Protein chains: 2
Amino acid sequence: MELYLIRHGIAVERDACISDEDRPLTDKGRQKTDKVAKRLRDMGLRFDMILASPLVRSRQTAAILKAANLSSHMQEFPPLAPEGNIQDWISWLETQRRQDASKVQCLALVGHQPNLANWAETLVWGQIKEKLELKKAGVIGLHLPDSGMPIAKSELFLLTSPKWLI
Amino acid sequence: MELYLIRHGIAVERDACISDEDRPLTDKGRQKTDKVAKRLRDMGLRFDMILASPLVRSRQTAAILKAANLSSHMQEFPPLAPEGNIQDWISWLETQRRQDASKVQCLALVGHQPNLANWAETLVWGQIKEKLELKKAGVIGLHLPDSGMPIAKSELFLLTSPKWLI
């Protein structure tokens, strides 16, 4: 199974006029994310599903991925919000696999830092040391075992910022 | 400090007629490595030095990087051979830093698997779990602290196979 962890694009800065949850992508953020999405598509990627943090900047990023034909399925997934927990995603994955494992062979998770890099370290090394640098609109690629618990059993095959992709 | 760990390109298969040390790159290996080298150059990379394993396929890979103007300095470095040890490279780095730290701000090491990925895991997490996938002509990028022991103190910012670069 392939899992792609994709950080949201550049969003407007925090200020008193807008809640963190509602901060949208900037024009530059949208353009850069769109270029990354098209590059992933041109590399032949196709996600069985995109799960996105419910925060606006992540939902917009996921919508750009979907619009680039990277997937026809996108769904908000609250455990990808900043306070989310990987165990909730593991439980979701187990349920999906029991229903139809062929539908979760290539997934994308769209969310935030430091969560995404922490989830990657948890899946690969079984512990969080905050040693992966994931830029906005950057991508982490992992190979997960096709069954069983993926924590500390996965392998890292891709970590890149947008500049290497576009 | 930036450290790039670059695996040699595709080499001719092992057989009875040639020693492992002498296996050269194939035509395809040379071409792909050259494309990777030119992409790294076009991204603005410039290495203060390229250290290469003494095995033919690594020396040829390093020569391609040098020919692409990624560096004007290339040197064989025996600890990058398959039986080499990262401690010998750490000692070399300490010596270089004592002499002139500005000359080792951006380095490339060209060598073999599993050593390169093991060195990366050692520098980043302080232990080897063999969880990084590094393809031939693939690249790992690390940020090292500018002084002091880099083991378990470095950060991973790039891991990619050639297909994402070329």
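Caption draft 1: Seen up close, the overall build of chain A. Per the secondary structure count, chain A includes four helices and six strands. Listed by position from the N terminus, the elements making up chain A come as β-α-β-α-β-α-β-α-β-β. Taken over C-alpha atoms, the radius of gyration comes to 15 Å for chain A, in line with the 15 Å a tight globule of 166 residues would show. Oriented by its inertia axes, the alpha-carbon framework of chain A measures out at about 45 × 30 × 30 Å. By residue count, 52% of the 166 residues in chain A fall in the buried class. By sequence separation, contacts in chain A at least 24 residues apart represent 69% of the contacts at least 6 residues apart. Just so you have it, chain A exposes about 7200 Å², and 47% of that area is on carbon and sulfur atoms. Positive and negative charge centroids in chain A, built from 23 and 20 side chains respectively, lie 5 Å apart.

Caption draft 2: Representation of helix 4 (residues 115–125) of chain A. Extensive coverage of helix 4 of chain A is indicated by the burial of eleven of its eleven residues. Tucked into the core, helix 4 of chain A has its buried residues touching strand 1 (2–7), helix 3 (86–100), strand 4 (106–111), strand 5 (139–143) and strand 6 (155–160) of chain A together with helix 4 (115–125) of chain B. A:G126 occupies a position one or two residues after helix 4 of chain A and carries a positive phi of about 80 degrees.

Caption draft 3: Fine view of the packing of helix 1 (residues 27–42) of chain A against helix 2 (residues 56–67) of chain A. All names here are of chain A. Following both chains from N to C, one finds helix 1 and helix 2 inclined at 40 degrees, their axes separated by 9 Å at the closest point. Taken together, helix 1 and helix 2 sit at an angle that is classed as oblique. As helix 1 runs across helix 2, the sense of the crossing is right-handed. From helix 1, R30, T33, D34 and A37 reach across to helix 2, where they touch T61, I64 and L65. Grouping the amino acids of the contact of helix 1 with helix 2 by side-chain chemistry returns three nonpolar, two polar and two charged.

Caption draft 4: Fine view of the environment of A:S72. All names here are of chain A. By secondary structure assignment, the location of S72 is in the loop between helix 2 and strand 3 (74–76). Between the alpha carbons of S72 and R46 there is a distance of 9.1 Å; along the sequence they are 26 residues apart. Discounting chain neighbours no more than four positions away, the residues touching S72 are R46 and K66.

Caption draft 5: Quick peek at unusual backbone geometry. All names here are of chain A. In this structure, P114 follows Q113 across a cis peptide bond, with omega equal to 5 degrees. Topologically, P114 is positioned in the loop between strand 4 and helix 4. A positive phi is found at N69, a non-glycine position, where the angle reads about 65 degrees. In the Ramachandran plot, A137 falls in the positive-phi region, its phi being about 65 degrees despite a non-glycine side chain. Following the sequence through the fold, A137 ends up in the loop between helix 4 and strand 5. Among the residues examined, A137 registers a relative accessible area of 2% and is labelled buried.

Caption draft 6: Quick look at the interface of chain B and chain A. Between chain B and chain A, the residue contacts involve 27 residues of the former and 28 residues of the latter. When chain B packs against chain A, the two sides together hide about 2500 Å² of surface, and 54% of this comes from carbon and sulfur. Here chain B and chain A share zero salt bridges between them. Seen at the junction of chain B and chain A, the total is 15 residue pairs in polar contact (both at pLDDT 80 or more). Of all the secondary structure elements, the ones that give two or more residues to the side of chain B that touches chain A are helix 1 (27–42), helix 4 and strand 6 (155–160) of chain B. For the side of chain B that touches chain A, the element with the highest residue contribution is strand 6 of chain B, accounting for six residues. In terms of residue class, the side of chain B that touches chain A is built from 14 nonpolar, four polar and nine charged.

Scoring rules and cut-offs
Residues numbered from 1 in each chain as written. Chains lettered and ligands numbered in written order. Predicted model: local features only at pLDDT ≥ 70, side-chain atom pairs only at ≥ 80, totals over all residues. Heavy atoms only, no water. Helix = DSSP H or I, 4+ residues; strand = E, 2+ residues; numbered from the N terminus. Rg over C-alpha atoms; globule rule 2.2 N^0.38 Å. Buried < 20%, exposed > 50% of the residue type's maximum accessible area, 1.4 Å probe, protein only. Contact = heavy atoms within 4.5 Å. Areas by Shrake-Rupley, 256 points an atom, 1.4 Å probe, with all protein chains shown as cover. Lys, Arg positive; Asp, Glu negative; His and termini not counted. Charge placed at Lys NZ, Arg CZ, Asp CG, Glu CD. Axes fitted to C-alpha atoms, helices over the stretch in contact; angles between N-to-C directions. Parallel < 35°, antiparallel > 145°, perpendicular 65-115°, else oblique. Left-handed = near helix turned anticlockwise from the far one by under 90°. Nonpolar A, V, L, I, M, F, W, Y, C, P; charged D, E, K, R; others polar. Buried area = accessible area lost by both parts, 1.4 Å probe. Salt bridge = Lys/Arg side-chain N within 4 Å of Asp/Glu carboxyl O. Polar contact = N/O pair within 3.5 Å; in protein donor to acceptor, adjacent residues only side chain to side chain.

Note that all results are geometric; they support no functional claim without further evidence.
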